[in-house]
Amino acid sequence: MDPEMAVLASTAGTTLVTLLTTDAWQRVRDGVALLWRRAEPERADAISAELDVTRSDLLAAQAGGDLESRSELSTEWQGRLRRLLAAHPDEAQALRALLTELVPDTPAETSVTQHATASGDARVYQAGRDQNFGHR
């Protein structure tokens, strides 16, 4: 998959899950269902229902202080969107338009530029998104 499409799917999954707990949640559900309705019409209703379940899960997680669920659900939706874009790359522009509509300050193209210099025994850790370190 084109790296730009992968970044779009990642950004979209995180953004959509975040917006499901806001007043924009119905617009998110309808917009995402419309993407599927065009690309895979037989799955559109199921996707809409899955977004409703995701919203319920997020609200319950927030109420219970569960900090991991948002990340897990974002990852799930990133995967769904990545697979949709892999099968239907023509939907990328519609997904970008939806993101721009939902979050007007979201850039149409996402890019990350990083620069670092290390010397001696120094270490540099950079990430364009989440960075996780396991305990040894």
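Structure: above.
If you're wondering where the values come from, they're calculated on a predicted model, not measured in any experiment.

Rules behind the numbers
- Residues numbered from 1 in each chain as written.
- Predicted model: local features only at pLDDT ≥ 70, side-chain atom pairs only at ≥ 80, totals over all residues.
- Heavy atoms only, no water.
- Core = buried A, V, L, I, M, F, W, Y, C linked by side-chain atoms within 4.5 Å.
- Buried < 20%, exposed > 50% of the residue type's maximum accessible area, 1.4 Å probe, protein only.
- Helix = DSSP H or I, 4+ residues; strand = E, 2+ residues; numbered from the N terminus.
- Axes fitted to C-alpha atoms, helices over the stretch in contact; angles between N-to-C directions.
- Left-handed = near helix turned anticlockwise from the far one by under 90°.
- Contact = heavy atoms within 4.5 Å.
- Nonpolar A, V, L, I, M, F, W, Y, C, P; charged D, E, K, R; others polar.
- Parallel < 35°, antiparallel > 145°, perpendicular 65-115°, else oblique.
- Salt bridge = Lys/Arg side-chain N within 4 Å of Asp/Glu carboxyl O.

Before we go on, may I ask you to explain the nonpolar core in this structure?
Within soluble globular proteins, side chains that are nonpolar tend to cluster in buried spots. Counting 28 residues, the largest nonpolar core has Val32 and Trp36 as the members making the most contacts within it. Going through the elements one at a time, α1 (3-19), α2 (25-39), α3 (44-64), α4 (69-87) and α5 (92-102) are the ones with two or more residues in this core. No other element matches the seven residues that α1 contributes to this core.

Explain the packing of α1 against α5 here, please?
Between two packed helices, both the angle of their axes relative to each other and the distance between the axes serve to describe the pair. At a closest axis distance of 11 Å, the pairing of α1 and α5 adopts a crossing angle of 35 degrees. Relative to α5, the crossing made by α1 is left-handed. Contact with α1, carried on its side by Glu4, Met5, Leu8, Ala12, Thr15, Leu16 and Leu19, involves Ala92, Leu95, Arg96, Leu99 and Leu102 of α5 and no other residues of that element. Considering only residue class, the contact of α1 with α5 consists of nine nonpolar, one polar and two charged.

How do you make sense of the packing of α1 against α4 when you look at a structure like this?
Running from amino to carboxyl end, α1 crosses α4 at an angle of 135 degrees, the nearest separation of the two axes being 7 Å. Of the possible angle classes, the one that applies to α1 and α4 is oblique. The two elements α1 and α4 meet at a crossing, and its hand is right-handed. Residues Met5, Leu8, Ala9, Ser10, Ala12, Gly13, Thr14, Leu16, Val17 and Thr18 of α1 lie in contact with α4, whose contacting residues are Arg70, Leu73, Ser74, Trp77, Gln78, Leu81, Arg82 and Leu85. Along the lines of polarity and charge, the residues of the contact of α1 with α4 split into ten nonpolar, six polar and two charged.

What's the story with the pattern of salt bridges in this structure? I'm lost.
Opposite charge on two side chains permits pairing when their charged atoms draw close. With the rule as written, the count across this model stands at eight salt bridges. Three or more residues joined by partner-sharing salt bridges are found here, namely Arg29, Asp30 and Asp52.

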